[in-house]
Amino acid sequence: MLRQACSNFQSLLFSVFLSLLLVGNTLALPGISKLDIDGSGQSDALTDGLLVLRGMFGLTGDTLVNGVIADNAQFSTSEEIESRLNEFYQHADIDRNGNVDALTDGLIILRYLFGLRDNALIAGVIADDSEIKESNIIETIMLDLATPPTIISDYFVFDSDNPSSLLDFTMPPRADGT
């Protein structure tokens, strides 16, 4: 009897979950990766990579963004880009030495976006005090930064690497708009 009640409850929860999924209107659309600084839909060396590197070197305002924003960018003003970079820098210590540095982390990011892998990705740019010296670990870190989360609906966001991991849930608005 208890087993049947639990099974019915699980079925009910699953039905509610599916109903909420179908309320949204953006099924299986990719989000924006952490590394897609300008929000163009892709992480690119000549836009996002240069924005990261310029920002790490301390450039701000027009000197930060001139000539490196994608034509289809969602974020294009220096204020928007600086805000995105400040969020990104929380994840930008690629070599895990405790410092975000243009000549180590910034160059790894740029090399990764240019398609360099294995030893070519890290040769000569890993900090001496880095916790990570292996290119395969660095590549995994970069893949995480360059991969957008998978958005299943307007209300659920799942991790693209681990679809069973719910990243965020937003309650749908009530009928009164609140």
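This write-up is about the structure you can find in this document.

Conventions used here
- Residues numbered from 1 in each chain as written.
- Predicted model: local features only at pLDDT ≥ 70, side-chain atom pairs only at ≥ 80, totals over all residues.
- Heavy atoms only, no water.
- Buried < 20%, exposed > 50% of the residue type's maximum accessible area, 1.4 Å probe, protein only.
- Helix = DSSP H or I, 4+ residues; strand = E, 2+ residues; numbered from the N terminus.
- Contact = heavy atoms within 4.5 Å.
- Polar contact = N/O pair within 3.5 Å; in protein donor to acceptor, adjacent residues only side chain to side chain.
- Salt bridge = Lys/Arg side-chain N within 4 Å of Asp/Glu carboxyl O.
- Core = buried A, V, L, I, M, F, W, Y, C linked by side-chain atoms within 4.5 Å.
- Axes fitted to C-alpha atoms, helices over the stretch in contact; angles between N-to-C directions.
- Parallel < 35°, antiparallel > 145°, perpendicular 65-115°, else oblique.
- Nonpolar A, V, L, I, M, F, W, Y, C, P; charged D, E, K, R; others polar.

**Comments concerning helix α2 (residues 45-56)**
Working note: α-helix, 3.6 residues per turn, so residues spaced by three or four point in the same direction. Of all twelve residues in α2, nine are buried; the element is thus mostly enclosed. What α2 keeps buried is the set A45, T47, D48, G49, L51, V52, L53, G55 and M56. In this structure, the buried residues of α2 make contact with α3 (61-65), α4 (78-88) and α5 (102-113). Sitting at the amino-terminal end of α2 is D44, which places a side-chain oxygen 2.9 Å from the backbone nitrogen of L46. The positive-phi residue at the C-terminal boundary of α2 is G58, with phi of around 95°.

**Points about unusual backbone geometry**
The residue R96 is not glycine, and still its phi comes out positive at about 55°. Take R96: it is sitting in the loop between α4 and α5. The phi dihedral of D118 is positive, around 55°, even though this residue is not glycine. Positionally, D118 belongs in the loop between α5 and α6 (119-122).

**Quick notes on the pattern of salt bridges**
Per the counting criterion, the structure on display carries one salt bridge. The salt bridge involving K34 is made with D144; its shortest N-O contact spans 3.6 Å. Here D144 lies in helix α7 (residues 135-146) and K34 lies in the loop between β1 (29-30) and α2, a separation of 110 residues in the sequence. According to the relative accessible area criterion, K34 is partly exposed, its value standing at 35%. D144 sits in the partly exposed class, given a relative accessible area of 33%.

**Some points on the nonpolar core**
Counting residues in hydrophobic clusters, the biggest one holds 30 residues, and the most contacted among them are I109, I138 and M142. Here the element with the most residues in this core is α5; it accounts for six residues. Not counting residues within four places of it along the chain, the set of residues in contact with I109 comprises L35, V52, M56, F88, I94 and M142.

**Focus: the environment of A102**
In this structure, A102 sits in helix α5. Note on A102: relative accessible area 7%, which makes it buried. C-alpha of A102 to C-alpha of R54: the two residues are 48 residues apart in sequence and 8.3 Å apart in space. Excluding residues within four positions of it along the chain, A102 makes contact with L53, M56, F57 and L107.

**What to know about the packing of α2 against α5**
It is the contact of α2 with α5, at a shortest axis distance of 9 Å, that shows an interaxial angle of 180°. It follows from the interaxial angle that α2 and α5 lie roughly antiparallel. From α2, A45, D48, G49, L50, V52, L53 and M56 reach across to α5, where they touch A102, D105, G106, L107, I109, L110 and L113. Residue composition of the contact of α2 with α5, grouped by class: ten nonpolar, two polar and two charged.

Any functional reading would require information beyond the geometric quantities listed.
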